[in-house]
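Examination of the molecular architecture
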Amino acid sequence: MMSRLGRVETALAVGFALRLLWVLAVPVVLFSDPAAYSEMARNLLDHGVYGFEPDAPNATWPPGTSAFYAVLFALPGPDVVASKTANVILSVLNIWLTW
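The numbering scheme is per chain: residues are counted from 1 as the chain's sequence reads. Predicted model: local features are reported for residues with pLDDT of at least 70 only, side-chain atom pairs are reported and counted for 80 or more only, and whole-chain, interface and lining totals are derived from all residues. Processing note: side-chain calculations cover all non-hydrogen atoms of the structure and skip hydrogens and water entirely.

1. Side note on the layout of surface pockets
Of the two site types, the cavity is a set of points on a 1 Å grid over the protein atoms alone where a 1.4 Å probe fits but cannot get out, and the pocket is an open set with protein on both sides within 12 Å along at least five of seven lines, each lined by residues with an atom within 4 Å of a point. Grid points are joined across faces, edges and corners, and a volume is the space filled by probe spheres set on the points. Considering only enclosed or pocket space, the largest pocket measures out at about 480 Å³ in volume. If you trace the largest pocket, you find 21 residues lining it, with Val28, Leu30, Ser83, Lys84 and Asn87 closest to the centre. Going along the chain from the N terminus, every DSSP run of H or I of four or more residues is numbered as a helix, and every run of E of two or more is numbered as a strand. With 7 residues, the top contributor of residues to the lining of the largest pocket is helix 4 (residues 79-98). As a working rule, the residues Ala, Val, Leu, Ile, Met, Phe, Trp, Tyr, Cys and Pro are called nonpolar, Asp, Glu, Lys and Arg charged, and the rest polar, with Gly in that last group. Of the residues in the lining of the largest pocket, the class split is 14 nonpolar, 4 polar and 3 charged.

Here's what the structure looks like:
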């Protein structure tokens with residue numbers, strides 16, 4: 001019989017593997033909310049302005065996700081890889097937190 005710890009580790013491993021397969025198999029097509037958050041994150045990082053346009057601040061969207069993406073986009077490497085990696089890590093962390 002598997003101990004509680006063994007079940008958690010198994011759930012985390014399976015969850016990570018499934019998410020990794022999804023990340024590798026499904027291409028990213030930004031539209032709607034993800035596209036908006038990405039665009040505002042890029043403007044925040046590149047121009048220091050939170051909004052759709054570099055010269056027009058706009059606070060009609062909540063800043064949390066865009067600010068998080070701006071931090072990720074500041075890391076070396078492609079933006080898509082950074083955001084996919086963060087989503088996998090946060091999702092697997094969510095499995096552990098809700099176990």
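2. Here's the deal with the pattern of salt bridges
The salt bridge criterion pairs a side-chain nitrogen of Lys or Arg with a carboxyl oxygen of Asp or Glu, the two atoms within 4 Å. On inspection of all chains with the given rule, the structure shows 2 salt bridges. One salt bridge in this structure joins Arg42 and Asp79, with 2.7 Å as the shortest N-O distance. You can see Arg42 sitting in helix 2 (residues 32-47) and its partner Asp79 sitting in helix 4, a full 37 residues away along the chain. A 1.4 Å probe rolled over the protein chains alone gives each residue an accessible area, and that area as a share of the maximum for its type sets the label: buried under 20%, exposed over 50%, partly exposed in between. Taking relative accessible area as the criterion, Asp79 reaches 25% and is therefore assigned partly exposed.

3. Description of a nonpolar patch on the surface
What goes into a patch is any residue over 30% in relative accessible area without a salt bridge, connected to like charges within 9 Å or, for nonpolar side chains (Val, Leu, Ile, Met, Phe, Trp, Tyr), within 5 Å. Throughout, the Shrake-Rupley method with a 1.4 Å probe supplies accessible areas, and for residues the shown protein chains are the sole cover considered. Taken together, the side chains of Phe68, Leu90, Leu93, Trp96 and Leu97 present a nonpolar region at the surface, about 500 Å² in accessible area. Checked against the element boundaries, Trp96 lands in helix 4.

4. Examining helix 3 (residues 64-73)
Taken together, the buried positions of helix 3 are Ser66, Tyr69, Ala70, Leu72 and Phe73. Projected down its long axis, helix 3 carries its buried residues within an arc of 160°, all on one side. Should any heavy atoms of two residues lie within 4.5 Å, those residues are counted as being in contact. Packing partners of the buried residues in helix 3 comprise helix 2 and helix 4. The arc in question is formed by the directions pointing from the helix axis toward the C-beta atoms.

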